[in-house]
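# Coordinates in review
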Amino acid sequence: MSNEATLHNQDLMHHGVEHGHGNGHDGHDHHHEETFISKYVFSMDHKMIAKQFLITGIIWAIIGAFFSVLFRLQLGYPDATFPWLESILGHWAEGGRITAEAYYALVTMHGTILVFFVLTAGLSGTFSNLLIPLQVGARDMASPFMNMLSYWFFFLASCLMMSSLFVQTGPASGGWTSYPPLSALGDASIGSKIGMDLWLMSMAIFVVSSLLGSLNYISTILNMRTKGMSMTKMPLTIWAFFFTAVLGVLSFPVLLSGFVLLLFDRHGGTSFYLSEIFVAGKVLPNEGGSAILYQHLFWFLGHPEVYIIILPAMGIVSEILAVSSRKPIFGYLAMVGSIFAITLLAFLVWAHHMFVTGLNPFLGAFFVLLTLLIAVPSAIKVFNWITTIWRGNIRFTPASLFSIGFVSTFISGGLTGIWLGNSAIDIHLHDTMFVIAHFHIVMGVSAFFGMFAGIYHWFPKLYGRYMNQTLGFIHFWITLVGAYLIFWPMHYMGMAGMPRRYFDYSNWQSFNMFGGLNEFISFVVIIVFATQLLFVFNFFYSIFKGRKLTTPNPWEATTLEWTTPINPGHGNWPGEIPEVHRWAYDYSKDGKDFIPQTVPVSPDESKH
Amino acid sequence: MDNAVTAKKKWWSGGHSPFSVSYGKLMMWYFLISDAFTFGALLISYGTQRFMAQAWPDPNVVFHSFPLMGHANLPLVFVSLMTFILIMSSVTMVLAVHAGHHMDQKATARWLILTIIGGIMFLSCQAWEWTHLHEVGAWWGRNPFPNHDGSAPLSTNFTDFFFTITGFHGLHVTSGVVLNIIVLINVLKGTYQHRGHYEMVEKVGLYWHFVDLVWVFVFTCFYLL
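If you're wondering where the values come from, they're calculated on a predicted model, not measured in any experiment. (Residues numbered from 1 in each chain as written. Chains lettered and ligands numbered in written order. Predicted model: local features only at pLDDT ≥ 70, side-chain atom pairs only at ≥ 80, totals over all residues.)

## With respect to the overall build of chain A
Note the threshold: Numbering of helices and strands runs from the N terminus; a helix is a DSSP stretch of H or I covering at least four residues, while a strand is a stretch of E covering at least two. Neighbour counting defines burial: a residue surrounded by 20 or more other C-beta atoms within 10 Å of its own C-beta is buried, one with 12 or fewer is exposed, and intermediate counts give partly exposed, using backbone-placed C-beta atoms. Any two residues are considered in contact once their C-beta atoms, placed from the backbone, lie within 7 Å.
The number of helices and strands found in chain A is 18 helices and four strands. By its C-alpha atoms, chain A is 80 × 55 × 55 Å across when sized along the principal axes. Here chain A, with 608 residues, has 55% of them falling under the buried criterion. In chain A, the share of contacts with a sequence separation of at least 24, taken over all contacts with a separation of at least 6, comes to 79%.

## Considerations on the overall build of chain B
Scanning chain B from terminus to terminus reveals eight helices and zero strands. Taken from N to C terminus, the helices and strands of chain B fall in the order α-α-α-α-α-α-α-α. Projected onto its principal axes, the C-alpha coordinates of chain B cover approximately 70 × 50 × 20 Å. The buried share of chain B, reckoned over its 225 residues, is 38%. Taking the contacts inside chain B whose residues are at least 6 apart along the sequence as the reference set, 69% of them involve residues at least 24 apart.

## Some thoughts on the interface of chain B and chain A
For clarity, the cut-off: Residues are grouped as follows: Ala, Val, Leu, Ile, Met, Phe, Trp, Tyr, Cys and Pro are nonpolar; Asp, Glu, Lys and Arg are charged; every other residue, Gly included, is polar.
Each partner contributes residues to the interface: chain B has 40 residues there, and chain A has 45 residues. Element by element, the count of residues in the side of chain B that touches chain A is highest for helix H2 (residues 23-52) of chain B, at 17 residues. Across the side of chain B that touches chain A, the residue classes tally to 17 nonpolar, 20 polar and three charged.

## What to know about unusual backbone geometry
Residues and elements named next belong to chain A. Each neighbour pair has its own omega, and for Pro180 with Pro181 the value is 5°, a cis peptide bond. If you trace the backbone, Pro181 turns up in the loop between helix H7 (144-164) and helix H8 (194-223). Phi angles above zero are rare outside glycine, and Arg391 is one such case at about 55°.

## Things to note about helix H16 (residues 433-463) of chain A
For an α-helix, 3.6 residues make a turn, and residues three or four places apart therefore share a direction. Residue and element names in this part refer to chain A. Put simply, the rule is: The angle separating two fitted axes, one through the seven residues that finish at a residue and one through the seven that start at it, defines the bend at that residue.
Along its length, H16 reaches its greatest deviation from straightness, about 45°, at His457, and the proline Pro460 lies no more than four positions downstream. Of all 31 residues making up H16, 27 are buried, and the element is well covered by its neighbours. Backbone geometry just downstream of H16 places Gly464 in the positive-phi region, at approximately 70°.

## Looking at helix H9 (residues 236-267) of chain A
Residues and elements named next belong to chain A. Cut-off, in case you're wondering: Helices are assigned an expected span. That span is 1.5 Å times one less than the residue count.
With 32 residues, H9 extends 46 Å from end C-alpha to end C-alpha; this agrees with the ideal 46 Å at 1.5 Å per step. Counting buried residues along H9, 30 of its 32 residues qualify, which places the element largely inside the surrounding structure. Where H9 terminates, the next one or two residues include Gly269, which has phi positive at roughly 75°.

## Focus on the nonpolar core
Residues and elements named next belong to chain A. To keep things clear, this is the line we draw: To count as a nonpolar core, a set of buried Ala, Val, Leu, Ile, Met, Phe, Trp, Tyr and Cys residues must be joined through C-beta atoms within 7 Å.
Ranked by size, the top nonpolar core spans 232 residues in total, and within it Ile218, Phe242, Val317 and Ala453 carry the most contacts. Broken down by element, the residue count for this core peaks at 21 residues, all from H9. Setting aside residues up to four positions removed in sequence, Val317 forms contacts with Trp385, Ser403, Phe406, Val407, Gly450 and Ala453.

## A short note on the environment of Ser202 of chain A
All names here are of chain A. Position of Ser202 relative to the elements: it lies in helix H8. For Ser202, a count of 23 C-beta atoms within 10 Å translates into the label buried. Taking the C-alpha atoms as reference, Ser202 lies 26 Å from Arg72; in sequence the two are 130 residues apart. Leave out the neighbours within four places in its chain, and Ser202 touches Ala157, Leu160 and Met161.

## Things to note about the packing of helix H3 (residues 46-76) of chain A against helix H5 (residues 100-118) of chain A
Residues and elements named next belong to chain A. To keep things clear, this is the line we draw: Here, axes are lines fitted to C-alpha atoms. For helices the fit covers the stretch in contact, and angles between N-to-C directions go from 0 to 180 degrees. Orientation is classified from the angle alone, with under 35 degrees giving roughly parallel, over 145 giving roughly antiparallel, 65 to 115 giving roughly perpendicular, and any other angle giving oblique. Helix crossings fall into two classes, left-handed where the near helix is turned counterclockwise from the far one by less than a right angle and right-handed where it is turned clockwise.
Where H3 meets H5, the closest approach of the two axes is 9 Å, and the angle between their N-to-C directions is 150°. Considering the angle they form, H3 stands roughly antiparallel to H5. The hand of the H3/H5 crossing is left-handed. Touching Gly57, Trp60, Ala61, Ile63, Gly64, Phe67, Ser68, Leu70, Phe71 and Gln74 of H3 are Tyr103, Leu106, Val107, Met109, His110, Ile113, Leu114, Phe117 and Val118, all from H5. For the contact of H3 with H5, the residue count by class is 14 nonpolar, five polar and no charged.

## Focus on the confidence of the model for chain A
What counts, and what does not: For every residue, the pLDDT score states the predictor's confidence, bounded by 0 at the bottom and 100 at the top.
Confidence in the prediction of chain A, expressed as mean pLDDT, is 92, and 94% of residues score 70 or more. Counting contacts from residues 1-30 of chain A, a segment whose pLDDT is below 50, to residues more than four positions away or on other chains yields 59 contacts.

## Re the environment of Leu86 of chain B
Residues and elements named next belong to chain B. Mapped onto the secondary structure, Leu86 falls in helix H4 (residues 77-101). Owing to 23 C-beta atoms within 10 Å, Leu86 belongs among the buried residues under this scheme. Along the primary structure Leu86 and Trp208 are separated by 122 residues, whereas in three dimensions their C-alpha atoms are 9.7 Å apart. Beyond its immediate stretch of four places on either side in the chain, Leu86 contacts Gly118, Phe122, Asp212 and Trp215.

## Some words on the confidence of the model for chain B
Detailed reading of predicted coordinates is not advised where the pLDDT is low. Residues and elements named next belong to chain B. When pLDDT is averaged along chain B, the result is 92, and 96% of the positions lie at 70 or above. Here residues 1-8 is modelled with pLDDT under 50, and outside its nearest four sequence neighbours on either side it reaches eight contacts, counting other chains as well. In the predicted complex, the global pTM is 0.93; the interface-specific ipTM is 0.92.

Below, the structure written as structure tokens:
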């Protein structure tokens, strides 16, 4: 079925959409009267939905990052008081010092917001939506209506999560993993009361949003590629988004099952996760449950989740490194193969988060082996990125710098993963600051670098303007240096045994020597946070006042999205969708700087 | 390198669906895989908890009642009837899809109506069974059934999982019935006749068969094992 026919083959649910994007077959741009509501709010244009995901993600990122500033103040300056904290947090920071309950709530929400609302919805939601139709050559997603629902379910989940910040007993505070029994018993902590229910409902709706989006991404990539766009001619971004969506479709439902059982434990009087518990000196009647069961269900999503976060960043970086070093990507098929290997292994390693929960050491050995195997495809990718830029004619833009920065942080964070993947070393290192350092560098900072690179690179496609380069360079250097200054020292703290999740270390003699280091880290956190606000300013300023594009292909890239007009309408291409004749990486070939995918292969062209 | 790959597999070279299916059917298949993981997670959780338990109630004793039969001991007869009804509704669904392929509006509607009736009958049976179990004291968090070795129940795992998983399945049957009714209305309105194909019937058919298939596993896990 052709692209156009598929677009027109709407089911009854998509009735209202049908006339929205049928401009292709008769070859002229349609000038459909769009209202403000249908264009900006309930938009079914994948580009507008991408912008909605991006801006919602940015708002969440500011909130989530600000929370980390607040709890870093506590860790860095445990004795100081900040009266302004009381004015924004009220009784949660009486006398200008945040309470232990507030501290745990902030840590929990920081993790939840950044993992799910920023680096899953904000990253994959933005770039899958923007790039899949544009780079495979489709008018829109397979089902624009479901795509719109995907955003609005995300919005609903956001509203619920946001509202949990304002309830009297505060938001969920049992960590972003929400392990029972703490999260199952409202009497165990005030963060396990209504805030926990809102958290669970918000996350359940988030799963629906993710499912609607992922099903769309998969079917669009498989079904709607333009003529000539075989799977092996797709840019690596698309391969990355494809496997990200596959991960989401297969792992989020398991989390949903875990949440359903948890909700019953909270309100149905069941004992799925509960057994032999005392709360405040009272014996609970629950028998026969297993808290470890929840951990299995959670980490069956939780581990693929980190690849849901990092794969889109990998795809974006692969694309930008090839474009900005004017060289074909090194080892295209190896890149695709390693993404596939990572996707497969992602489902087989979840128990490495549970080495010290009483897991059978014999079983642990298999999870160690499978975990360490991930180093192979990861290393292949890293070497391919380095060989791609090796002796390249690198154009230093904020996007290319962030991509190189991604490779740097991915290496330094990935190497510590090899430590933590060993169940023996993990006995010493689990639940210490070492773990914090590891996953923040390899997945937090790296994914953010991929996201920043993508925003700087595709901003011209999103808004028809450039972002300010100078501000971009300042943003990059302070963020890169700052990220290392923040997280590098945490490795040492962790190796010395300093545990994570503590509100106050000052009574703990052995870790007093890290007082100064903690203060230093918190100081850098504030600087880096301020720099991110500079980026936010640059982003919004450039939407309205940025330098305008004069050419549709500002980076001289080969991929299809740059064959559309500077401000493409709904339907992307005014005429026919272009046909694809070559792969996406014909840079510096036969004396030509770049050859777009739409150029037919001439007979005297050299093979690559 | 690229040319060699594409020359062999023309189906994948873009411009058409590699599986020659619409995106809608493709999405339905992927959704079903996803949903299979949801049920898989629940059933595996059930399996591990049961495996770890010392003892478990005997389904032949728990499920021995039949409506209007008083205290007659009819182990698993009622649930067999339920299963039969659901499987028959799958048969009528197949016939509805078949009639759709032949563009037979009346026959499609007829078979769809029978499928919907089958679904509603199954749900009614489930409602009766739940009510009956509730009357004898079973519910989430309450397990009145002694284990097969006669010992008193140590935990409520049996009823917790039973109500959660059969309830989750019942929810799927309910949404299936709703989808079938929506599609039936469209069949009667002639929407698909006008569109030239009955693919929507096929898509809800896929969902319906999936829900049936899940029941086979739920049935096995709770009533037979």
